[in-house]
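If you want the building blocks of each chain, they are given just below.
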Amino acid sequence: MKTIIEPFKIKVVEPIRMTSREERLDYLETAGFNVFRLRSEDVLMDLLTDSGTSAMSSQQWAGVMRGDEAYAGSPSFFRFEETVTDIFGFEHVIPTHQGRAAERILFSTVCRPGHVVPNNTHFDTTRANIEAAGAQAVDLPVPEGLVPSEPRPFKGNMDVPRLRSLIAEVGAEAIPLCMLTVTNNTGGGQPVSMANIREVSEVCQSHGIPLYIDACRFAENAYFIKLREDGYSQKTVKEIVRELFSYADGCTMSAKKDGLANIGGFLATNDAWLAKRERDLLILTEGYPTYGGMAGRDLEAIAVGLEEVLLEDYLEYRLASVRYLGEHISAEGVPIVQPPGGHAVYIDAAAFLPHVPALELPGQSVVSELYLEGGIRGVEVGTVMFGRKDLDTGEDIPAAMELVRLAMPRRVYTQSHVDFMVEAIVEVHRRRDGIGGFRFAYQAPALRHFTAVFEPLYQVGGPVPGA
Ligand code: F0G
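Residues numbered from 1 in each chain as written. Predicted model: local features only at pLDDT ≥ 70, side-chain atom pairs only at ≥ 80, totals over all residues. Heavy atoms only, no water.

Asks: Which parts of the structure should I look at to understand the pairing of strand β8 (residues 265-269)?
Replies: Successive residues of a regular strand alternate their side chains across the two faces of the sheet. Most of β8 sits inside the fold, with 5 of its 5 residues counted as buried. Where burial is concerned, the two faces of β8 agree: the one with Gly265, Leu267 and Thr269 and the one with Phe266 and Ala268 are both buried. With 5 bridges connecting them, strand β2 (residues 92-96) and β8 associate as antiparallel partners. Residue pairing across strands places Ile94 opposite Leu267, the latter belonging to β8. Across 5 bridges, strand β7 (residues 250-254) lies against β8 in antiparallel orientation. What sits directly across from Met253, in β8, is Phe266. (Buried < 20%, exposed > 50% of the residue type's maximum accessible area, 1.4 Å probe, protein only. Helix = DSSP H or I, 4+ residues; strand = E, 2+ residues; numbered from the N terminus. Pairing = 2+ DSSP bridges.)

Asks: Which parts of the structure should I look at to understand helix α16 (residues 415-430)?
Replies: An α-helical turn contains 3.6 residues, so any two residues separated by three or four positions project in the same direction. Across its 16 residues, α16 extends 22 Å between first and last C-alpha, which sits within 8% of the 22 Å expected from 1.5 Å per residue. Those residues of α16 not exposed but buried are Val418, Met421, Val422, Ala424, Ile425, Val428 and His429. (Expected span 1.5 Å × (residues − 1).)

Asks: How do you make sense of the sheet that holds strand β11 (residues 379-381) when you look at a structure like this?
Replies: Strand pairs in the sheet, formed through backbone hydrogen bonds, run parallel or antiparallel to each other. The strand order β9-β14-β11 describes an open sheet built from 3 strands, whose pairing is antiparallel. The open sheet is flanked by β9 (344-348) and β11, the only strands paired with a single partner. Between one strand and the next, the sheet's axes are offset by a mean angle of 35°, whatever the strand orientation. Note: β11 against strand β14 (residues 403-407), 3 bridges, orientation antiparallel. Along β14, the bridge assignment pairs Glu380 with Val404. (Axes fitted to C-alpha atoms, helices over the stretch in contact; angles between N-to-C directions.)

Asks: Explanation requested: a nonpolar patch on the surface in the structure shown.
Replies: Taken together, the side chains of Tyr71, Ile283 and Tyr288 present a nonpolar region at the surface, about 320 Å² in accessible area. Looking at the secondary structure, you find Tyr288 in the loop between α10 (272-285) and α11 (296-308). Taking relative accessible area as the criterion, Tyr288 reaches 33% and is therefore assigned partly exposed. (Patch = residues over 30% accessible without salt bridge, like charges linked within 9 Å, V, L, I, M, F, W, Y side chains within 5 Å. Areas by Shrake-Rupley, 256 points an atom, 1.4 Å probe, with all protein chains shown as cover. Salt bridge = Lys/Arg side-chain N within 4 Å of Asp/Glu carboxyl O.)

Asks: I'm lost on the site of the ligand in this one. Help?
Replies: What surrounds the ligand is a group of 17 residues, the closest being Thr49, Arg100, Asp214, Ser254 and Lys257. Here an oxygen atom of the ligand and a side-chain polar atom of Thr49 are 2.7 Å apart. Protein contact buries 93% of the 470 Å² of open area that the ligand shows by itself. In this structure, the ligand is accommodated by the largest cavity. Among the elements that take part in the shell around the ligand, helix α4 (residues 99-110) stands out by supplying 3 residues, more than any other. Here the residues of the shell around the ligand sort into 2 nonpolar, 8 polar and 7 charged. (Near = heavy atom within 4 Å. Polar contact = N/O pair within 3.5 Å; in protein donor to acceptor, adjacent residues only side chain to side chain. 1 Å grid on protein atoms, 1.4 Å probe; cavity = no way out; pocket = protein on both sides within 12 Å on 5 of 7 lines; lining within 4 Å. Sits in = over half its atoms within 2 Å of the grid points. Nonpolar A, V, L, I, M, F, W, Y, C, P; charged D, E, K, R; others polar.)

Asks: Sorry, what's going on with the nonpolar core here?
Replies: Most often, soluble globular proteins have nonpolar side chains that are buried together. Formed by 60 residues in total, the largest nonpolar core has its most connected members in Phe88, Phe218, Phe245 and Phe266. When residues in this core are grouped by element, the largest group, 6 residues, is from helix α8 (residues 218-228). When residues are assigned to domains, this core turns out to be shared by domain 1 (21-50 + 311-456) and domain 2 (58-308), each giving three or more. Leaving out residues up to four positions away in the same chain, Phe218 has contacts with Ile87, Phe88, Val182, Val241, Phe245, Met253, Asp258, Leu306, Val309 and Leu310. (Core = buried A, V, L, I, M, F, W, Y, C linked by side-chain atoms within 4.5 Å. Domains from an automatic or database assignment. Contact = heavy atoms within 4.5 Å.)

Structural data, given as structure tokens:
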């Protein structure tokens with residue numbers, strides 16, 4: 001059989017609403033052309049994020065009913081803890097309400113001003129939490145990770161020679177931990193190889209630096225290793241995951257991704273003394289250590305989700321459906337980060353709209369047009385999100401890449417939904433010459449992408465060229 005099917009049948013459905021092009025133009029204008037400001041009911045296919053948007057299984061919903069809401073010592077916690085220990089192999093498991101809470105607890109415990117934390121590429125909350133603790137976050141992606149058109153198997157890897165020079169430059173004492181984000185979200189959802197993880201771990205160990213994994217999409221990364229790395233095709237995903245985490249001293253996890261849950265996360269470590277300090281902080285801001293900011297029912301849903309995410313027919317379908325979207329639009333000439341990532345396809349907006357300069361926000365144009373065309377909501381990952389103003393000269397500095405992320409929620413959309421997405425994206429690409437840029441009408445001093453208001457520099461929704 002050639003067709004890779006969705007390995008589930010559907011028991012509960014949630015209607016999605018078709019809107020007209022006129023309605024969508026109206027919604028866009030009301031939202032100041034910022035899709036974060038749309039109402040999700042007005043979105044047909046929501047590819048804003050794969051975080052917290054998974055469809056839960058019947059077993060997870062059964063877990064929700066089983067959830068025990070005791071303040072302390074709930075059996076739901078022990079089921080959660082046992083599952084996490086079994087899969088990841090760490091001794092101490094600290095539940096948090098989502099990934100960034102785990103980050104805040106970790107970094108505020110181990111980082112001080114003057115410290116430096118390297119990562120293949122920090123996610124924005126990771127960077128912000130390191131900076132909030134007074135330390136500096138440094139990205140060390142491999143050079144091919146920054147070339148969208150180049151297909152390589154492990155573009156999420158860390159640049160090990162640069163890690164060595166960073167350690168030589170600042171000294172191991174200034175590096176309280178090193179991180180690896182699997183898969184590398186900001187770098188295009190690209191996986192990290194086991195060889196790279198092993199090498200980074202050896203470098204860290206030889207300098208006494210603990211290695212932490214940002215584990216959000218650990219199962220997708222492990223399945224890429226099974227498919228692409230020599231020596232792993234006969235191993236089970238669970239064995240690969242065990243090996244991957246055996247090289248690390250701890251991890252942070254957002255269960256909103258590969259936990260297949262709508263909320264939740266955890267922090268894990270083998271260091272008993274550190275875990276004690278982290279639990280003290282947890283009690284202060286998240287909750288008692290046997291629930292830490294989650295309800296008992298959430299702990300149950302995650303315990304089941306972490307088992308289901310390792311099922312290989314699920315992972316085969318998961319990576320195939322993202323690849324399907326990427327390969328179909330790419331075959332029609334739409335430029336994307338190659339190869340497609342584990343959770344998302346990233347359109348290269350700079351190559352999609354070469355006539356729109358970076359400071360006229362080409363990614364913002366692609367995002368607006370995708371919504372207008374098909375009610376599809378993606379997210380700009382370019383100058384809107386990562387550009388900045390030079391405080392001395394007042395000059396606007398563009399981001400390194402102009403990307404638009406189309407993140408696929410887990411187990412939510414079927415192949416015909418993806419076919420529809422392909423048609424809409426290809427149609428926007430066909431009429432790209434008639435699409436112009438945008439400028440900011442309002443921007444907040446930090447994290448401006450969430451609340452910005454934009455003004456188009458062309459007639460959005462104007463006559464469609466060639467129609
Ligand atoms: N690390 C990575 C790699 C992430 O992608 C995210 C979240 C987090 C940490 C933080 O986890 O949201 O549970 O606090 N990424 C989402 C996204 C928001 O859309 O990529 P959180």
